[in-house]
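Letter by letter, the chains look like this.
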Amino acid sequence: GRATGVTGGLFRSEWERINDWWALKTFNSLNLVAAALLSRDPNASNEAICVAWLQARNWPAEAAPWLAGILARTWPIIRGALYIDDFVFADCSMFPRSVGRAWWTIELKHSLEAWAPEYKGRLELDATRLAELLAEKQVARDRTAALLAWIEVPDATVPEDLRLCLREACALLPTYTEGMLLCADVCLRTRWQQRAPQVADRAASAKAIARLEQFGASLRLLCTEAKYPHQTVMLLDYRRVADIAAEARVALQETSPALRERSVQRPG
């Protein structure tokens, strides 16, 4: 940008489709600080960015290494949860609206192949490829436990209210990443079932749907008890989960061996 004469930047502070939520109400306010500092100096360090953010909130600059170490662990989690091999899977950070919507997002709305041809064919599914793609989601989910443990590591430089803020901000991350894993499991298996019903694992698909349904049921109280703000409810919407599971059940039925056999029969 500098080489072509760019002298400034425009940064979006609100969250698309997650209404009434913007960066200044969350830890993402730190990203606005990062945008400003990196615009001035691309070599600004993560710790320097954390120092500026901490000082603006009257927290000690000495906590910057601790905070930078935690935040460095968040992007790999979010990337693994919201993307599938770099293809956009989430719907504006929410669970997909449906199986069909998930694949529309991947293949049309945010088509990666359109500008990165080397990704062509990367989502052709078989048992091996499916396991690889789900492993990405499983790693993201498992890393959340390590992140929460890191927040609790004793450090004399860290005020308890700062630690509490991070603890609260990350409290539902395990649920969120688990949901993305379970949604991806069903969406991927449904596509495989539709494209290659003769070899797709029907039993595994049925189990994946059942797991997703159970997860969705566990979200219902979270979304209705008025404990969390509506933005959290949008990010953990049990209705989206239910729609994915219902669509997948229909697809599984439509690709059943008995139905396929009847469809190829001809009048005698």
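Values in this document were obtained by computation on a predicted structure and should not be read as measured data. (Residues numbered from 1 in each chain as written. Predicted model: local features only at pLDDT ≥ 70, side-chain atom pairs only at ≥ 80, totals over all residues. Heavy atoms only, no water.)

**Q** I tried to follow the nonpolar core on my own but got confused; where do I start?
**A** As a rule of thumb, soluble globular proteins bury nonpolar side chains together. Phe89, Phe95 and Leu212 are the most contacted members of the largest nonpolar core, which has 74 residues in total. Sorting elements by how many residues they give to this core places helix 8 (residues 173-195) first, with 11 residues. Not counting chain neighbours up to four residues away, the residues in contact with Phe95 comprise Tyr176, Gly179, Met180, Cys183, Phe215, Leu219, Leu235, Leu236, Asp237, Arg240 and Val241. (Core = buried A, V, L, I, M, F, W, Y, C linked by side-chain atoms within 4.5 Å. Buried < 20%, exposed > 50% of the residue type's maximum accessible area, 1.4 Å probe, protein only. Helix = DSSP H or I, 4+ residues; strand = E, 2+ residues; numbered from the N terminus. Contact = heavy atoms within 4.5 Å.)

**Q** What am I meant to see in the pattern of salt bridges here?
**A** When the charged atoms of two side chains lie near each other, side chains of opposite charge can form a pair. Using the criterion set out here, one finds 19 salt bridges in the structure. With a shortest N-O distance of 2.7 Å, Asp85 and Arg129 are connected by a salt bridge. In this pair, Asp85 sits in the loop between strand 1 (83-84) and strand 2 (87-88) while Arg129 sits in helix 6 (residues 127-151), placing the two residues 44 residues apart along the sequence. Side by side, Asp85 and Arg129 carry an identical accessibility label, which is buried. With a shortest N-O distance of 3.9 Å, Asp91 and Arg101 are connected by a salt bridge. Of the two residues, Asp91 sits in the loop between strand 2 and helix 5 (99-109) while Arg101 sits in helix 5, which places them 10 residues apart along the sequence. Residue Arg101 is classed as partly exposed on the basis of its relative accessible area of 27%. (Salt bridge = Lys/Arg side-chain N within 4 Å of Asp/Glu carboxyl O.)

**Q** Can you walk me through empty space enclosed by the protein in this structure?
**A** With a probe scaled to a water molecule rolled over the atoms, the places where space remains empty come into view. Evaluation of the coordinates by the stated rule reveals one cavity of 30 Å³ or more. Around the largest cavity sit Val186, Arg189, Thr190, Gln193, Ser205, Ile209, Ala248, Ala251 and Leu252, which together line it. Element by element, the count of residues in the lining of the largest cavity is highest for helix 8, at four residues. (1 Å grid on protein atoms, 1.4 Å probe; cavity = no way out; pocket = protein on both sides within 12 Å on 5 of 7 lines; lining within 4 Å. Points joined across faces, edges and corners; volume = space filled by probe spheres on them.)

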